[in-house]
Amino acid sequence: MYAFELERPSTIADAVAALAADNAQALGGGQTIIPTMKQRLASPSRLVSLLGVSGLQGVSSGDGAVAVGGATTHVDVANGAASSYPALASLAANIGDPAVRNRGTIGGSLANNDPAADYPAAALGSGATIATNHREISAENFFLGLFETALENGEIITSVSFPVPNRASYVKFEQPASRFALVGVFVAQYDNGVRVAVTGAAEGGVFRWTEAEAALSSNYSAAAIDGLSTPSVDNLVRDLHGSAEYRAHLVKVLTKRAVASS
Amino acid sequence: MKISMTVNGREMSGEAEGRTLMSDFLRNTLKLTGTHVGCDTSQCGSCVIHVADRAVKSCTMFAAEADGACVKTIEGMANDDGSLGTIQQAFQDHHGLQCGFCTAGMVMSADALLKENPSPSESEIRDYLEGNICRCTGYHNIVKAIMAASGQDVENIAA
């Protein structure tokens with residue numbers, strides 16, 4: 001990979017200052033950006049590691065929500081949210097493999113917004129709020145498209161707050177080689193309705209399946225999905241691992257499985 | 001830049017660039033070549049080491065990120081007298097390797113698993129090894145070796 005400077009600040013202020021350099025980029029656990037840089041698909045002049053920044057790690061719960069620090073690793077979410085938000089913990093426990101979960105962070109995953117990543121489904125499916133050093137962004141307004149988010153240059157995800165649902169489940173169908181979600185569906189039931197978020201299926205990344213949300217809000221059962229047509233989403237992913245029709249079918253099947261297992 | 005770390009209980013230091021991968025630092029600078037680089041794309045797990053008691057893929061971490069950390073590599077797995085450690089011995093006893101290229105990573109992942117879960121089931125072992133690829137053994141004897149290293153009876157485990 002091309003040469004760059006590596007900075008390891010210990011405060012958010014120092015991290016923000018370091019990110020002000022031209023072509024500087026934040027570094028979480030590096031599980032995506034390091035392979036990307038090896039392929040020379042990214043070549044930042046400076047990487048600013050957030051893992052040493054105090055206050056960015058840990059899981060806490062209170063006021064009906066679970067708050068996760070932006071630099072919290074997947075394994076720490078899996079352990080820290082196990083009793084407070086089991087569906088979120090289970091999602092984190094099944095990202096990548098153990099060594100990846102020991103390094104990769106929730107903030108890194110959300111900021112990257114890979115169209116097949118798991119966390120965006122939890123964030124959108126829970127109506128999470130993403131807090132940065134500048135502002136709070138609702139999940140609705142955060143994910144803008146393929147690898148694109150509302151984050152501006154120099155903006156750091158400090159924490160993510162997930163309202164805890166009455167029940168929830170995330171089910172993914174893994175692409176057999178990469179183990180990324182070919183399709184993943186997060187279903188969460190709240191007092192004021194059901195949310196269904198789908199990852200892996202659309203070129204634009206995670207989206208809400210509103211027809212399923214309406215059906216499940218009036219009848220929370222797998223059978224409620226039977227009568228629905230497959231989601232009418234533009235640009236479903238079609239590649240050698242599955243056609244658009246196959247993915248659309250998977251969205252239905254996995255939504256039913258998520259409801260049944262929630 | 002100069003970076004320092006405790007590797008297998010010994011203070012070690014060397015020069016690294018920002019882009020120097022941990023796997024390269026171990027192999028080329030510290031001359032600890034037991035850590036292997038199989039795919040260099042963080043899929044195969046040959047390069048697994050422990051940093052601050054956590055298993056990581058050393059090809060997907062910068063050396064400077066381990067500055068000041070406690071690191072354990074395959075060179076730290078033998079007993080003090082130089083004889084094979086429990087997991088290594090189990091790999092030998094149960095033929096858990098053929099070419100041996102993946103073995104360093106397998107042993108380091110097994111060590112991390114057994115610290116977390118001292119008596120894992122066969123399926124828990126297979127699940128934990130998701131990020132370690134072996135192209136020789138078909139995994140059966142690796143799973144058997146790890147079960148044996150945990151002190152469980154492996155007579156009925158398929159091999």
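Engineer: Help me understand the pattern of salt bridges, please; the structure alone is not making it clear to me.
Structural biologist: When the charged atoms of two side chains with opposite charge come close together, those side chains can pair. Enumeration over the complete set of coordinates arrives at 19 salt bridges over all chains. Measuring nitrogen to oxygen at the nearest pair gives 2.6 Å for the salt bridge that ties Lys57(B) to Asp97(A). Of the two residues, Lys57(B) sits in strand β4 (residues 54-57) while Asp97(A) sits in the loop between α4 (86-93) and α5 (98-101), which places them in two different chains. Assigned by exposure class, Lys57(B) and Asp97(A) land together as buried. Here Arg135(A) and Glu155(A) are joined by a salt bridge, their closest N and O atoms 2.7 Å apart. One end of the pair, Arg135(A), is in the loop between β6 (129-132) and β7 (136-138); the other, Glu155(A), is in the loop between β9 (148-149) and β10 (157-163), with 20 residues separating them in the sequence. Taken together, the shared-partner salt bridges in this structure form one network comprising Asp118(A), Lys172(A), Glu174(A) and Arg179(A).

Engineer: Would you explain the sheet that holds β10(A) in this entry?
Structural biologist: Sheet strands line up and pair through hydrogen bonds in the backbone, either parallel or antiparallel. Residue and element names in this part refer to chain A. Strand order in the open sheet formed by 5 strands is β4-β5-β10-β6-β7, and the pairing between neighbours is antiparallel. Taken across any chain shown, the strands that pair with only one partner, and hence form the sheet edges, are β4 (59-62) and β7. Strand after strand, the sheet turns through a mean of 20 degrees between neighbouring axes, direction not considered. Relative to β7, β6 runs antiparallel, the two being bridged by 3 bridges.

Engineer: In this structure, what is going on with the interface of chain A and chain B? I would like to understand it.
Structural biologist: Interface size, as often reported, equals the accessible area lost upon joining of the parts. Each partner contributes residues to the interface: chain A has 27 residues there, and chain B has 21 residues. Taken over both partners, the interface formed by chain A and chain B buries close to 2,100 Å², and the fraction arising from carbon and sulfur atoms is 54%. A per-residue breakdown of the area chain A buries against chain B is headed by Arg8(A), Lys38(A) and Arg103(A), which together make up 24% of the total. Where chain A packs against chain B, one counts 11 residue pairs in polar contact (both at pLDDT 80 or more). When contributions to the side of chain A that touches chain B are tallied by element, the ones reaching two or more residues are α2 (33-38), β3 (46-49), α3 (74-80) and α5 of chain A. Of the residues in the side of chain A that touches chain B, the class split is 13 nonpolar, 8 polar and 6 charged.

Criteria and cut-off values
- Residues numbered from 1 in each chain as written.
- Chains lettered and ligands numbered in written order.
- Predicted model: local features only at pLDDT ≥ 70, side-chain atom pairs only at ≥ 80, totals over all residues.
- Heavy atoms only, no water.
- Salt bridge = Lys/Arg side-chain N within 4 Å of Asp/Glu carboxyl O.
- Helix = DSSP H or I, 4+ residues; strand = E, 2+ residues; numbered from the N terminus.
- Buried < 20%, exposed > 50% of the residue type's maximum accessible area, 1.4 Å probe, protein only.
- Pairing = 2+ DSSP bridges.
- Axes fitted to C-alpha atoms, helices over the stretch in contact; angles between N-to-C directions.
- Contact = heavy atoms within 4.5 Å.
- Buried area = accessible area lost by both parts, 1.4 Å probe.
- Polar contact = N/O pair within 3.5 Å; in protein donor to acceptor, adjacent residues only side chain to side chain.
- Nonpolar A, V, L, I, M, F, W, Y, C, P; charged D, E, K, R; others polar.

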